[in-house]
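Residues per chain, in single letters:
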Amino acid sequence: MTRFSPIQYMKSGFAKRMTQNKTVFLVLSSVLVAFGGGALSGWTHLAYSNVPCFGYRDGVPTPDGYGAAYNVLTTARELLVSVTCDKTSATVTVGSGAENQLIYRYGYAWRNNAWQRITLSSTNPLQGNAWYARSANATLSRTVAEMAQESNYVVGYVCQWVTPTGGTGTWKCGCRDGACQNSYWQLQYFSKALADLNTLPDVLTDSNDLLLAYGAPKYGPPGSTISLTGSGFTGANTITFGSRTISNVPAVNQGLIRFTVPADMPLGRVEIGVRNSKGIAEHATSFMVSKPGAVPPVLQSIAPARGMHGTEVTIHGTGFTPTGNDAITTFGPVRNIPSKDGTTLTLTLRPFPDTPSWQDGSSPAHGQSYPMYIYISNTNGVSDQPVTFTVDI
Amino acid sequence: MKNILTHTLIRRGAFLAVLVLAFGSGFGFVTERAHSQLNLLSIPFGGLNAPIPCTCSGGFLQTIGPPRPALVYFQAGASIPYQFFMFGAPGVWTLGTFFPSGVCSVVTPTGCANITAEGTVLIEGTSLEV
């Protein structure tokens with residue numbers, strides 16, 4: 001599976017391009033210098049000090065073989081393994097601080113292509129030589145270059161005392177899902193890029209207007225809980241979910257609504273909208289109602305991995321359905337792709353079909369290439385990771 | 001997407017970054033370090049994306065809608081995409097930062113025409129619409 005990391009991008013593209021086209025950059029720098037005396041006063045500096053910089057949370061799939069970084073046993077889905085970053089350090093916090101949690105005193109961090117044990121500490125006393133109550137943390141020193149990597153993985157282990165209504169209490173440890181039949185190390189990752197994104201102003205709650213940005217997760221069976229993020233939500237919202245209407249859904253807060261997929265909802269892709277006393281959210285987000293218990297598609301490779309506009313490619317993987325596979329690509333979706341064997345999908349990639357010069361190679365930008373990321377969505381779910389095709393124009 | 005960081009205005013640091021950037025570019029030493037310096041000048045944007053290809057210059061001109069609208073130039077190789085990488089798809093939620101200055105050049109019947117953007121994208125993440 002090919003994936004462009006930020007470092008690869010900068011090394012292969014940015015530096016090379018800029019050294020080849022120094023003139024452009026000189027002009028750009030001149031503009032910046034010209035602005036330096038005055039306009040800079042309005043710009044912000046993104047300082048780094050204990051900025052959340054982790055990737056796994058509710059709505060982001062946890063890789064196979066690991067437990068979730070958030071609490072799958074509660075509706076709040078609070079974080080159980082989180083990370084904050086400075087320029088050259090990352091502080092890992094394990095446990096949400098709840099009374100019913102015990103945190104194993106050791107975790108592991110992925111560094112130099114190996115798992116290295118880390119020792120957590122806490123203001124709470126150690127219990128039985130191995131466990132802290134509520135939460136514990138560890139600070140990891142890293143170089144600037146390491147902080148820029150996307151492979152900064154850490155794992156921790158949290159046990160929770162759970163007492164079902166009318167039942168007997170039990171320990172649930174390293175949970176991956178609500179059933180928690182097995183225990184796993186609970187995985188999180190961090191990077192400077194995630195800190196960068198987290199330092200952006202909260203563009204959603206800046207607005208008081210009704211706005212629907214996105215929903216998470218992107219797929220699930222009937223009965224799943226969907227979280228909608230946006231702004232302007234009120235105490236009584238109407239959700240349009242495909243052909244269904246769900247009335248009087250209260251918001252968790254003005255930026256978050258949760259609702260449940262109707263139990264008798266047919267399988268397939270649906271669009272979600274919101275309206276309330278403030279109006280109608282113009283943007284609809286989407287959701288795939290998937291078969292209960294189905295395993296989502298897993299993408300293994302794409303062939304060819306590079307080509308011109310109009311290249312026919314075959315994606316190899318598992319979990320493809322006989323009909324109704326959608327390829328969600330960087331340049332828009334390709335829908336209703338059949339698969340004869342459940343392991344291959346063949347489709348033609350035509351980004352920007354209304355742009356003739358992209359299709360016939362006559363563009364003055366001829367010779368450039370773009371990464372095209374492709375996810376597959378069907379009634380089994382949505383692939384966790386994309387495959388990448390490089391399109392030459 | 002919570003605003004978790006206190007934004008600190010450091011005029012001196014930003015101006016210094018510009019000088020270092022200009023110095024570096026003059027000698028062709030434009031590397032990851034310069035990119036991180038550009039980060040000092042980053043301006044956030046966020047909203048729905050309506051992209052068009054820049055058929056002369058390469059890259060894409062992205063019209064970002066409310067609540068934090070912008071007209072930005074996504075330059076392949078320089079702009080860094082993050083999950084879910086849908087920078088060329090219309091109608092997806094897009095969030096990122098740009099630095100001032102950017103030009104998209106498109107084919108017209110009489111040649112190439114420049115469209116001046118508010119800036120060039122530094123980093124950009126998108127939603128995934130299935």
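Just so we're clear, the structure is a prediction, and the values are computed from it rather than from any experiment. (Residues numbered from 1 in each chain as written. Chains lettered and ligands numbered in written order. Predicted model: local features only at pLDDT ≥ 70, side-chain atom pairs only at ≥ 80, totals over all residues. Heavy atoms only, no water.)

Turning next to the overall build of chain A. Check the secondary structure of chain A and you find five helices and 32 strands. Counting over 393 residues, chain A shows a buried share of 49%. Here the analysis covers contacts within chain A between residues at least 6 apart in sequence; of these, 62% occur between residues at least 24 apart. (Helix = DSSP H or I, 4+ residues; strand = E, 2+ residues; numbered from the N terminus. Buried < 20%, exposed > 50% of the residue type's maximum accessible area, 1.4 Å probe, protein only. Contact = heavy atoms within 4.5 Å.)

Turning next to the sheet that holds strand E26 (residues 311-318) of chain A. Residue and element names in this part refer to chain A. On the basis of which strands lie adjacent, the open sheet formed by three strands has the order E24-E26-E29 and antiparallel pairing. Strands at the two margins of the open sheet, each flanked by one partner only, are strand E24 (298-303) and strand E29 (344-349). Here the strands of the sheet are splayed against their neighbours by 30 degrees on average, with no regard to which way each runs. Direction of pairing for E24 relative to E26: antiparallel, over a ladder of five bridges. Among the inter-strand pairings, Ile 302 is bridged to a residue of E26, identified as Ile 315. (Pairing = 2+ DSSP bridges. Axes fitted to C-alpha atoms, helices over the stretch in contact; angles between N-to-C directions.)

Turning our eyes to something else, we now look at the confidence of the model for chain B. All names here are of chain B. Per-residue pLDDT for chain B has a mean of 73; in total, 68% of the residues score no lower than 70. Looking over chain B, one finds the lowest element-wise mean pLDDT in helix H1 (residues 11-26), namely 31, and the highest in strand E3 (residues 70-74), namely 96. Below pLDDT 50 for its whole length, residues 1-35 participates in 80 contacts with residues either more than four positions away or in separate chains. (pLDDT = per-residue confidence, 0-100.)

All names here are of chain A. Strand order in the open sheet made by the five strands is E7-E8-E4-E11-E12, with antiparallel pairing throughout. A single partner strand is all that each edge strand has here, and the edge strands are strand E7 (126-127) and strand E12 (170-173). Relative to strand E11 (residues 158-162), strand E4 (residues 101-104) is paired through three bridges, and the arrangement is antiparallel. The partner of Gln 101 across the bridge, within E11, is Gln 160.

Here we come to the packing of aromatic side chains. Going through the model one piece at a time under the given rule, you end up with 23 aromatic pairs over all chains. Consider the rings of Trp 110 of chain A and Trp 115 of chain A, whose centres lie 5.4 Å apart with planes at 70 degrees: the pair is edge-to-face. Given the relative accessible area of 27%, Trp 110 of chain A is considered partly exposed. Aromatic side chains Phe 331 of chain A and Phe 60 of chain B sit 5.6 Å apart centroid to centroid with 45 degrees between the ring planes, which places their arrangement in the tilted category. Here Phe 60 of chain B lies in strand E2 (residues 60-68) and Phe 331 of chain A lies in the loop between strand E27 (325-329) and strand E28 (332-337), a pairing that spans two chains. You'll find Phe 331 of chain A and Phe 60 of chain B in the same group, each marked buried. What links up through ring pairs into an aromatic cluster is the set Tyr 104, Tyr 106, Tyr 108, Trp 131, Tyr 157 and Trp 185 of chain A. Sitting over the ring of Tyr 106 of chain A, Arg 117 of chain A keeps its end group 3.7 Å from the ring centre. (Phe/Tyr/Trp six-rings, centres within 6.5 Å; stacked < 30°, edge-to-face > 60°. Lys NZ or Arg CZ within 6 Å of the ring centre and 35° of its normal.)

Another point: the nonpolar core. One finds Ile 315, Phe 331, Tyr 370, Ile 374, Ile 376 and Phe 389 of chain A together with Phe 60 of chain B to be the most contacted residues of the largest nonpolar core, which totals 43 residues. If you list the elements that add at least two residues to this core, you get E24, E26, E27, E29, strand E30 (369-378) and strand E32 (387-392) of chain A together with E2 and E3 of chain B. The element that contributes the greatest number of residues to this core is E30 of chain A, accounting for six residues. Here Phe 331 of chain A is in contact with Pro 351, Phe 352, Trp 358, Tyr 370, Pro 371, Met 372 and Val 391 of chain A together with Phe 60, Phe 87, Gly 88 and Ala 89 of chain B, once residues within four sequence places are set aside. (Core = buried A, V, L, I, M, F, W, Y, C linked by side-chain atoms within 4.5 Å.)

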